[in-house]
Amino acid sequence: MAAEGPRDFGHVPVLARRCVELLTPALTRRHPDGSGAVLVDATLGAGGHAEWFLRELPGLRLIGLDRDPGALDIARDRLAPFAERIALVRTRYDGLAAALAEFSYGAAESIDGVLFDLGVSSMQLDRAARGFAYAKDAPLDMRMDPDLPRTAADILNTYDEAALVDILHRYGEERFARRIAGRIVRQRAHTPFTSTAELVAVVYQSIPAAARRTGGHPAKRTFQALRIAVNEELDSLRSALPAAMAALCVGGRIVVMAYQSLEDRIVKRVFADAVASRTPIGLPIELPGHGPRFRSLTHGAERADAAEMESNPRSTAVRLRALQRIDHEAEPRRATGKGDS
């Protein structure tokens, strides 16, 4: 197998070796080079993780999904040496089932592996014009898909104060949500928001001085909340996970990397229920102890080690969880009914 990592496209994939380690057993069940196996990269981005898998497994087929046409262009260039083995689709990750049907993988239990690398990509953060980064002045956009009808500026300038408080509290867990929302409403009455710098200034003025000195950048939670609201990220994730798990064949594996607690809570809950067979999660579970089952491949959430955190700062926040689909007749259900989280 290839000893070297992928080329540098300005994006270093997080926990790439661990993702390969976790998913490869499912992708090589038929043949050591991955022939006959299909991997879905549901959050393709710049194609960093996809390149690792395509280099390591020369027989693997990959379906890559991303809502950002700019990301797809970069990934298409990066993955050009593997063009005959890839299919790229512009869609949100909750469009996974429709994308699989488009390539004749629409039936349940048809996919060997699925990878989710959630959140905003470093590529999007690095492009100031996209408006994701609070450290760079740019238009208040924050759309992962530029064809979405609503920008962050639209939310700031048109939502009433109660709705803004709800967004900041629910999606950013911002304890000063009311202060920030109130100041936003007062300021926009005179001057509508257009730039990230204007929003950063309002957040900074709204948070007490003592609180500004701890917990990272004062605007971090506000920017996270607006980004999630603009892109409907959490609703998309809630729909995408069951669809991905339903597509897995027996022996197939799913790996999800989350970067903030709201995402990770959804993943943890869905995975725990799948392991314990507490809910159908869109799968045909008919009787207690029967139907599709999953087992956890990680003990809780795995984190990057110190070396990776130092070399790739984006990995600092990552939480990785993984499951394998198992034959429901292969193992008796545990008496406790409790699964790994």
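Residues numbered from 1 in each chain as written. Predicted model: local features only at pLDDT ≥ 70, side-chain atom pairs only at ≥ 80, totals over all residues. Heavy atoms only, no water.

Under an unreviewed UniProt entry, the protein has the name Ribosomal RNA small subunit methyltransferase H and belongs to Mycobacterium attenuatum. Recorded in UniProt for the protein, the comment headed Subcellular location (unreviewed entry) runs: "Cytoplasm". A UniProt comment under Sequence similarities (unreviewed entry) is attached to the protein, and it reads "Belongs to the methyltransferase superfamily. RsmH family." (UniProt positions renumbered as here; feature names shortened; annotations may be inferred.)

Those residues of helix α3 (residues 69–78) not exposed but buried are A71, L72, I74, A75 and R78. Seen along its axis, α3 keeps its buried residues to an arc of 165°; they face one direction. Between a side-chain oxygen at the N-terminus of α3 and the backbone nitrogen of G70 the separation is 2.8 Å; the capping residue is D68. (Buried < 20%, exposed > 50% of the residue type's maximum accessible area, 1.4 Å probe, protein only. Helix = DSSP H or I, 4+ residues; strand = E, 2+ residues; numbered from the N terminus. Arc of directions from axis to C-beta. Polar contact = N/O pair within 3.5 Å; in protein donor to acceptor, adjacent residues only side chain to side chain.)

It is worth spelling out the pattern of salt bridges at this point. Any two side chains of opposite charge can pair, so long as their charged atoms come close to each other. The full count for this structure, using the stated rule, is 19 salt bridges. The partner of E21 in a salt bridge is R18, and the shortest N-O contact between them spans 2.6 Å. Of this pair, E21 and R18 both sit in helix α1 (residues 16–27), separated by three residues, roughly a single helical turn. Its salt-bridge partner being D141, residue R143 comes within 2.8 Å of it at the nearest N-O pair. Exposure class is identical for R143 and D141. Each is buried. (Salt bridge = Lys/Arg side-chain N within 4 Å of Asp/Glu carboxyl O.)

Burial runs high along strand β2 (residues 61–66): five of the six residues are buried. Pairing of strand β1 (residues 38–41) with β2, which is carried by four bridges, proceeds in the parallel orientation. By the bridge assignment for β2, V38 is matched with R61. In this view, the connection linking β1 to its parallel neighbour β2 by way of helix α2 (residues 48–56) has right-handed handedness. (Pairing = 2+ DSSP bridges. Right-handed = clockwise from strand over helix to strand, strands pointing away.)

Our focus in this paragraph is the side chain of D264. The residue D264 is located in helix α13 (residues 261–276) in this model. For D264, the side chain forms a polar contact with the side chain of R321, separated by 2.9 Å. Discounting residues that sit within four places of it in the chain, D264 has contacts with A258, R319 and R321. (Contact = heavy atoms within 4.5 Å.)

Its place among the elements puts I228 in helix α11 (residues 220–231). Look at I228 and you get buried, because its relative accessible area is 1%. C-alpha separation for the pair I228 and I167, spaced 61 residues apart in sequence, amounts to 8.9 Å. Sequence-distant contacts of I228, that is, excluding residues within four places in its chain, are made with Y171, E233, L234, Q260 and L262.

This part is about unusual backbone geometry. Glycine aside, negative phi is the norm for most residues, and most peptide bonds take the trans geometry. With a phi angle near 70°, M142 is a residue other than glycine that sits in the positive phi range. With respect to the helices and strands, M142 occurs in the loop between α5 (122–126) and α6 (152–158). Given a relative accessible area of 1%, M142 falls into the buried group. Despite not being glycine, E232 has its phi angle at roughly 50°, a positive value. Of note, E232 is situated in the loop between α11 and α12 (233–247).

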